Amino acid sequence: MDEEPGLIDSLRTHWRSLAIFTLLVATAAIVAERRFAAGPEEGPEKPAAAAPEAAKPDAAAPQDEAAKPATPDAAPAVASETVMVDARPAAVLKGQGKWEGAAKTLSDAIKKLNAAVAKAGLTANGRTIAVFTKTDDTGFTFEAMAPLSAAPEGKPKLADGVEIGSSPSGKAMKFQHRGAYDEIDATYEAIAAYLDEKGLDTKDLIIEEYLNDFKGEDAEVDVDIYVFVK
């Protein structure tokens, strides 16, 4: 766990500068980062507290108390619910990409996937998803999936490299992101903090479900995020 960062930590680290995000939490790194980030905010208060006037140490106390709820309140704000994700037949397009231009890689794959499904005359059963399966320092691998009402008979493969398969299943924590896709890293940071706070063990598997058309990193998009837990 400590030697190899999981998908949440890796996605958050590399996607932050390129407008995407994260899967399995490296809890020690997250806690250290949050404490380091809190340091500069507390720094300016110290000279006031050290002043000789007796009233100033007392005045600092309400500020400290006001700061304390910030971390606990942030985690519940992103938590949605624990769900059981059922496997469904799906059209699948495997791909990989670099962190630079990752959003375009995903949106292009989804367009190609939906076009192949429409060309084959298949009926979609839900919104398209991206399943992140592996990340490293330079890029990531994924599977774009379009859930289907039923697997077509005699059609294991569709156009443009699209195949028929099945979506993942299992117990997952469901979270939400609403807004520009290039701001989703903040949502993943909040998810990481929540999982750390709850002490949850996660699998190297995360799903993003796009509830509206995914047009790129700077476009507004509603995303449900499923982090699979052990």
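Our subject in this report is the structure included herewith.

Reading the values: rules and limits
- All residue numbers here refer to positions counted from 1 along the written sequence of the relevant chain.
- Reporting of local features is limited, given that this is a predicted model, to residues whose pLDDT is at least 70; pairs of side-chain atoms are given and counted only at 80 or more, and all residues count toward the totals for whole chains, interfaces and linings.
- Side-chain metrics in this entry use all non-hydrogen atoms of the structure; hydrogen atoms and water are not considered.
- Only DSSP runs of H or I reaching four residues or more are called helices, and only runs of E reaching two or more are called strands; each is numbered from the N terminus.
- Throughout this description, buried means an accessible area under 20% of the type-specific maximum (1.4 Å probe, protein chains only), exposed means over 50%, and partly exposed covers the range between.
- Two residues qualify as a contact provided that any one of their heavy atoms is within 4.5 Å of a heavy atom in the partner residue.
- Under the convention used here, a 1.4 Å probe and the Shrake-Rupley method define accessible areas, while residue burial counts only the protein chains that appear.
- Strands qualify as paired when DSSP identifies two bridges or more between them.
- For a helix, the expected span equals 1.5 Å multiplied by the residue count minus one.
- Should a side-chain nitrogen of Lys or Arg be within 4 Å of a carboxyl oxygen of Asp or Glu, the pair is scored as a salt bridge.

### Some points on the overall build of the protein chain
Counting its regular elements, the protein chain contains 7 helices and 8 strands. Counting across all 230 residues of the protein chain, residues that qualify as buried make up 42%. A separation of at least 24 residues holds for 74% of the contacts in the protein chain among residues at least 6 apart in sequence. Roughly 12300 Å² of accessible area belongs to the protein chain as shown, and the carbon and sulfur atoms make up 50% of that amount.

### A look at the pairing of strand 2 (residues 89-98)
A regular strand places its side chains on the two faces of the sheet in alternate fashion. Pairing between strand 2 and strand 5 (residues 163-166): 4 bridges, direction antiparallel. Bridge pairing in strand 5 links A90 to G165. Alignment of strand 2 against strand 4 (residues 139-147), held across 9 bridges, turns out to be antiparallel. Looking across to strand 4, one finds that V92 is bridged to M145.

### Describing helix 6 (residues 102-119)
For helix 6, which comprises 18 residues, the first-to-last C-alpha distance of 26 Å matches the rise-based estimate of 26 Å (1.5 Å per residue) to within 8%. Those residues of helix 6 that sit buried are A102, A103, L106, S107, A109, I110, L113, A116 and V117. Phi turns positive, to about 70°, at G121, one or two residues after helix 6.

### Details of the pattern of salt bridges
Side chains that differ in sign of charge can pair as their charged atoms come close. Applying the stated criterion across every chain, the model contains 5 salt bridges. Residue K174 is joined to E81 by a salt bridge in which the shortest nitrogen-to-oxygen separation is 3.9 Å. On the criterion of sequence distance, the pair formed by K174 in strand 6 (residues 170-180) and E81 in strand 1 (residues 79-85) is long-range, its members being 93 residues apart. We classify E81 as partly exposed; its relative accessible area is 40%. Here R178 makes a salt bridge to D224, at a shortest N to O gap of 3.1 Å. Separated by 46 residues along the polypeptide, R178 in strand 6 and D224 in strand 8 (residues 220-229) bring together distant segments of the chain. For R178, a relative accessible area of 39% corresponds to the partly exposed category.

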